[in-house]
Amino acid sequence: MPNYSVDKLTTTFDCDAVLTIAASEQKNLEWKKLSLERQEEQYEKNAVGIAAELVGKQAEKAALDTVIDNLPDGPTKNDNIIKRTKVEYSIFLLENRKANYGDVALLEKELELQRAGKELEEIATFIAEVEARKAAI
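Quick notes on the rules
Residues numbered from 1 in each chain as written. Predicted model: local features only at pLDDT ≥ 70, side-chain atom pairs only at ≥ 80, totals over all residues. Heavy atoms only, no water. Helix = DSSP H or I, 4+ residues; strand = E, 2+ residues; numbered from the N terminus. Rg over C-alpha atoms; globule rule 2.2 N^0.38 Å. Buried < 20%, exposed > 50% of the residue type's maximum accessible area, 1.4 Å probe, protein only. Contact = heavy atoms within 4.5 Å. Areas by Shrake-Rupley, 256 points an atom, 1.4 Å probe, with all protein chains shown as cover. Phe/Tyr/Trp six-rings, centres within 6.5 Å; stacked < 30°, edge-to-face > 60°.

Engineer: Looking at this structure, I do not really get the overall build of the protein. What am I missing?
Structural biologist: From N to C terminus, the protein includes 3 helices and 0 strands. Secondary structure elements of the protein, listed N to C terminal, follow the sequence α-α-α. Its C-alpha radius of gyration of 28 Å places the protein more than 25% over the 14 Å reference for a compact globule of 137 residues. In terms of overall dimensions, the protein has C-alpha extents of about 90 × 25 × 20 Å along its principal axes. For the protein, with 137 residues in total, the buried portion stands at 23%. The long-range fraction of contacts in the protein, counting pairs at least 24 apart against all pairs at least 6 apart in sequence, stands at 84%. For the protein, the computed accessible surface area is about 9400 Å², with 55% contributed by carbon and sulfur atoms.

Laid out in structure tokens, this is it:
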């Protein structure tokens, strides 16, 4: 049973016009899907890298906190406080990157990729129905 009202197409010219539009849309969707697949791969790599780097920086901060707590006031303590501030800033930047390029962003790309796949399936169904109508005319 057809999903579309292709019976309204009365000439092969009409069918060809619709098929041209559908083919263009299909090509655009294929490009979009390819692009999303590449983005998904990159986001997967980023998510792992960011998570690992974040764990490392958090461990570094914890170590610096311990050192700072046990040092007497003086230049060495001040140097370590400066290092800790830099590490805290790195953690802040990594957390922002995680939000934009980490696990959450990866899930968004996976959703977009699935949607593009469903759209491609639907455009293929549409094209098949129009081609069947064209053959019947």
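Engineer: When you look at the packing of aromatic side chains in this model, what are you seeing that I'm missing?
Structural biologist: The description of an aromatic ring pair rests on the distance of the ring centres and on the angle between the ring planes. A full pass over the atoms with the stated rule returns 3 aromatic pairs. Ring centres 4.9 Å apart and planes at 90° place the aromatic pair Tyr-4 and Phe-126 in the edge-to-face group. With Tyr-4 in the segment before α1 (12–70) and Phe-126 in helix α3 (residues 103–136), this pair connects stretches of sequence that are 122 residues apart. Ring centres of Tyr-43 and Tyr-101 lie 5.9 Å apart, and the angle between their planes is 80°; on these two criteria the pair is classed as edge-to-face. Placement of Tyr-43 in helix α1 and of Tyr-101 in helix α2 (residues 75–101) is noted, with a sequence separation of 58 residues between them.

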